[in-house]
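Here is how the chains run, residue by residue.
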Amino acid sequence: MEVAGHAGKLVFGLLAEQIPVVLMVGRAHYYEGHSIRQVTFPVRVFKVLGIETIVLTNAAGGLNSEYAVGDVVIINDHIFLAGLAGTHPLRGPNSEQFGPRFPALSDAYDLELRRYAHQAWGAVINKESKRRLHEGIYAFAGGPSYETRAECRLLRQMGADLVGMSTVPEIIVARHCGIRVLAFSLVTNKAVLSPIPRGDDHLLQAKDVKELDTILQEGKASHEEVLEAGRTAAIDMQKLVVKTLSIGFRHHQSQSG
């Protein structure tokens, strides 16, 4: 079964009528019950097909207080706690035909591609738009539950700007395969970092159950909220990706010519 909002299609074609691409419309997620190797299998297919650059997009919760819902973040690093604990897509016998036993990830997020993305943003986003572009660190969470307040504070204290349930395993396998990586997050909700109210708080003693529930529900994430933010930002995200790749394609053509 596909997650709502993820069509699960593989599309071959030309982007901007000149750039050959393979598009994944939706992806398999670890939280759906797939193994982490199954989740990352398409990336190895891309390697066999000769793909040299991969662009990944995701919806993420904003941990950084400077981020607003609807902002776009270029990922420049990640925190993969699951991988540090052993749930890692490269665990097990190494596939030498794809990459080395111990790949480095200090250069995982291609600097040249990120530069193109910043150039593209100024060209495609209306100056009147409130949507902003950032660079930040993405933390992977297994899901499918959204993170607790304490978990969000922990991730923020560790340096994460965003948290989500995808992308990082695919990026690791892409880098293992020598594929260049550019990744964007759309901030679809702001994570709740404030501590949970205490039951013995004297300010709460006179409130009724409905008032208590309203306090507790403040900032609560929902999948419907994520989908709605994604719908409103879809056009801008598409323009950004197309323009970024077009800049890179023209540069590549001029260099090779």
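Conventions we followed
Residues numbered from 1 in each chain as written. Predicted model: local features only at pLDDT ≥ 70, side-chain atom pairs only at ≥ 80, totals over all residues. Heavy atoms only, no water. 1 Å grid on protein atoms, 1.4 Å probe; cavity = no way out; pocket = protein on both sides within 12 Å on 5 of 7 lines; lining within 4 Å. Points joined across faces, edges and corners; volume = space filled by probe spheres on them. Nonpolar A, V, L, I, M, F, W, Y, C, P; charged D, E, K, R; others polar. Helix = DSSP H or I, 4+ residues; strand = E, 2+ residues; numbered from the N terminus. Phe/Tyr/Trp six-rings, centres within 6.5 Å; stacked < 30°, edge-to-face > 60°. Buried < 20%, exposed > 50% of the residue type's maximum accessible area, 1.4 Å probe, protein only. Lys NZ or Arg CZ within 6 Å of the ring centre and 35° of its normal. Pairing = 2+ DSSP bridges. Axes fitted to C-alpha atoms, helices over the stretch in contact; angles between N-to-C directions.

Colleague: Can you tell me about empty space enclosed by the protein, naming the residues and giving the values?
Modeller: Enumeration according to the criterion identifies one cavity of 30 Å³ or more in this entry. Of the pockets and cavities examined, the largest cavity occupies roughly 30 Å³. Lining the largest cavity are Arg-37, Arg-44, Leu-90, Pro-93, Asn-94, Ser-95 and His-176. Looking at the lining of the largest cavity residue by residue, the classes come out as two nonpolar, three polar and two charged.

Colleague: Can you break down unusual backbone geometry residue by residue, with the values?
Modeller: That bond from Gly-143 to Pro-144 is cis: its omega, 5°, falls within 30 degrees of zero. Assignment of secondary structure puts Pro-144 in the loop between β5 (133-140) and α4 (149-157). Within the chain, Ala-16 stands out as a residue other than glycine whose phi angle is a positive 55°. By secondary structure assignment, the location of Ala-16 is in the loop between β1 (9-15) and β2 (19-25). Residues other than glycine seldom take positive phi values, yet Thr-167 does so here, at roughly 80°.

Colleague: Report on the packing of aromatic side chains, specifying residues and quantitative values.
Modeller: Summed over all chains, the structure comprises one aromatic pair. Between Phe-80 and Phe-140 the ring centres are 5.2 Å apart and the planes differ by 75°, which places this aromatic pair in the edge-to-face class. With Phe-80 in the loop between β4 (72-79) and α2 (81-84) and Phe-140 in strand β5, the pair connects residues that are 60 residues apart, well separated along the chain. Classification of Phe-140 as buried rests on a relative accessible area of 6%. The ring of Phe-98 is capped by Arg-44, whose NZ or CZ atom sits 5.3 Å from the centre of that ring. Its guanidinium or amino end placed over the ring of Phe-102, Arg-101 lies 6.0 Å from that ring's centre, counting from NZ or CZ.

Colleague: Now, about the sheet that holds strand β6 (residues 162-164): what can you tell me, with residues and values included?
Modeller: Taken in spatial order, the five strands line up as β3-β6-β5-β4-β7 and close into a barrel, and their pairing is mixed. Ignoring which end each strand starts from, the neighbouring axes of this sheet average 50° apart. The sheet contact formed by strand β3 (residues 53-62) and β6 spans two bridges and is antiparallel. Its bridge partner lying in β6, Gly-61 is registered against Val-163.

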